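# Close look at the chain arrangement
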Amino acid sequence: GQEQEGIDPSSLIALEKELEKYLHALEHQTYEVAVIAAMKAGKSTFLNAVIGADVLASESEACTVCRTEIRHVNAGVTPYLLEYPAAGDKPMLIAEGEAEQIRQAFLDRTHGIRKANAVEEVESFVLHHPIAAIQDFKVLSGFTLIDTPGPNEWETEGFNTVSLKQVALEVLRNCKVILFVLDYTSFKDNTNKELLTELIEKRQSFLEQDRDKLYFLLNKVDRKAENDRPLAEVVAELKATLQGFGIPDPKVYTSSARQGLLARLILQGQAKEEHIKDFKKFFSAQYAQENEEGDMVIPGPQKIAPQALIDSGIPQIEESIIATIAQNAGVALLSEILGQFHGVAGDLEGLIQVSIQ
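Conventions and cut-offs
- Residues numbered from 1 in each chain as written.
- Predicted model: local features only at pLDDT ≥ 70, side-chain atom pairs only at ≥ 80, totals over all residues.
- Heavy atoms only, no water.
- Pairing = 2+ DSSP bridges.
- Helix = DSSP H or I, 4+ residues; strand = E, 2+ residues; numbered from the N terminus.
- Axes fitted to C-alpha atoms, helices over the stretch in contact; angles between N-to-C directions.
- Buried < 20%, exposed > 50% of the residue type's maximum accessible area, 1.4 Å probe, protein only.
- Arc of directions from axis to C-beta.
- Salt bridge = Lys/Arg side-chain N within 4 Å of Asp/Glu carboxyl O.
- Parallel < 35°, antiparallel > 145°, perpendicular 65-115°, else oblique.
- Left-handed = near helix turned anticlockwise from the far one by under 90°.
- Contact = heavy atoms within 4.5 Å.
- Phe/Tyr/Trp six-rings, centres within 6.5 Å; stacked < 30°, edge-to-face > 60°.
- Core = buried A, V, L, I, M, F, W, Y, C linked by side-chain atoms within 4.5 Å.

### A closer look at the sheet that holds strand β2 (residues 67-71)
Spatial ordering of the open sheet is given by β4-β3-β5-β2-β6-β1-β7-β8-β9, a layout of 9 strands whose pairing is mixed. Of all the strands in the sheet, just β4 (92-96) and β9 (251-254) have a single pairing partner and so form its edges. This sheet shows a mean twist of 20° between the axes of neighbouring strands, independent of strand direction. Note that strand β8 (residues 214-219) and β9 share 4 bridges and pair parallel. If you follow L217 over to β9, its bridge partner there is Y253.

Written out as C-alpha cells, the structure reads:
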C-alpha cells in the first residue's frame, strides 16, 4: 500500500523480516528427549508406545549401534527412515511406508552394520514419524526422541566401545530431558550401575542444575508376581539406590510399555493380528468381570484398551515429560519472542504516528 502511494516501505520491510526471524525460531525450536537403558529393559518397546507404532525393533540382542533420532512429523506424512554416514555424505533412504516395513529394514541394516563391524561409518539414523504423545501439541513440532547405545552395546565384542560411549554421553550432554528405563526384574544389575556412574561423572553439572529434567522409568511392572513385594516398596528401594548415587529426589514412574503399546495400537485401529493375540494373552485377564451367573467374562480388546492404556502408566509419563519440556524450553523461548514482538509493535506504532503527522 505504501509503495502504491509513493512512500518508501523499507522500515516496514525491516520489521517484517524481524517478525519472520522470530517465528522461524519458534517453529524450528527443538525439544530433545534422550532415552537410555541397559539391554532388555524395554527401551524400544517404550519408544514404540510413545510413538504409537510398532516401528522400532526389539529383540534379545543389542539393537542400538549409534544415535537414533525419532523426529515428529504431522499425521498423514509417509514415515521414512534415513541413515547419515559419518563421512558427511548425503543421507541414504533405508525404508519408507508402513511401520512393519521400516522395522524390518532397520533391523536388517543394524545386523549388516554389526556383521561388517562398520559402526564408525554411520553417524546416526533419523526416523521421521508421527509421535502420538504430542500429536495435540502443535507448539512441540520440534519434539525429538533420541535412542542411545547403552552399557550392553559398550561391551559388545569387536566394537569400538569408546566411540559408542562417547555417542551416548554427547547425547546426554545436550538433551533437555533424560529418561532412564530400568527393568523391574533386574534394576540392580551392574550395567545399570555403570550407566548411572557414567551419567553422574560426565553430567555432574546437569544433575546440580537440572535435576528436574531427569526421570526414571521402572518398566515391565506387569511381570510382578502375586507373592512379590508391593510395588511401592520396590519403588522406595529404587529411590534409595538413586539417592546413593547423588540424586536427592529422584522422579520414578512405573509402567508396562508393552501393555501401553498394544493398547494404543488397538485404539488407533493399527493393531495386527499378532498384537491382538499378545494383548489377549498377557493383559486381558486382569479386566475380567463377573456376570450374573458368577462366571468371569473378559471384555473384548476394544473395550479394555482405553483403561489398559491408562493403567500402563505411559500417558502419565508422557504428560510429565511434555510439561517439563514446555516449561523449561518452550515457555522461555515464547516469553523471549513475545518481548521481541512487543518491541516491534512499539516500532510499528511509531511509524504509524509519523505517517499520520
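### Some words on the pairing of strand β7 (residues 177-183)
Taking burial as the measure, the 7 residues of β7 include 7 buried ones, the bulk of the element. Neither face of β7 is left uncovered, since the one carrying V177, L179, V181 and D183 and the one carrying I178, F180 and L182 both have all their residues buried. Note: strand β1 (residues 31-37) against β7, 5 bridges, orientation parallel. Counted as the bridge partner of A37 is V181 from β7.

### Here we look at helix α11 (residues 301-311)
For α11, the set of buried residues is P301, I304, A305, A308 and L309. Seen along its axis, α11 keeps its buried residues to an arc of 135°; they face one direction. Among the exposed residues of α11, those oriented more than 90 degrees off its buried face are K303 and I310. Phi for G313, located one or two positions after α11, is positive at around 85°.

### Quick notes on the pattern of salt bridges
Any two side chains of opposite charge can pair if their charged atoms end up close together. All told, the structure shown has 11 salt bridges when counted by the stated rule. Of the charged contacts in the structure, one is a salt bridge between E69 and R67, with a shortest N-O distance of 2.7 Å. By relative accessible area, R67 is classed as buried at 18%. In this structure, the salt-bridge partner of E318 is R264, at a minimum N-O distance of 2.7 Å.

### A few points about the packing of helix α2 (residues 43-51) against helix α9 (residues 257-267)
In contact at an axis separation of 8 Å, α2 and α9 are set at 30° when each is read in the N-to-C sense. As far as their axial angle goes, α9 and α2 are roughly parallel. α2 and α9 meet at a crossing whose hand is left-handed. Side by side, α2 and α9 meet where T45, F46, N48, A49 and V50 of the first sit next to A257, R258, G260, L261 and R264 of the second.

### Focus on the packing of aromatic side chains
Under the counting rule described, the total for this entry stands at 5 aromatic pairs. Plain terms: the ring middles of F279 and F283 are 6.3 Å apart, the flat faces sit at 45° to each other, and that makes the pair tilted. The class for F279 is buried, based on a relative accessible area of 0%. Through a chain of ring-to-ring contacts, three or more aromatic side chains come together here, namely F279, F282 and F283.

### Thoughts on the nonpolar core
Of all hydrophobic cores here, the largest spans 46 residues; its most connected members are F46, V55, L56, I131, F143 and L145. The residues contacting L56, other than those within four sequence positions of it, are S44, L47, N48, I51, I70, R103, F106 and L127. Grouped together as the second largest cluster of nonpolar side chains are 17 residues, I36, Y184, V235 and I247 included.

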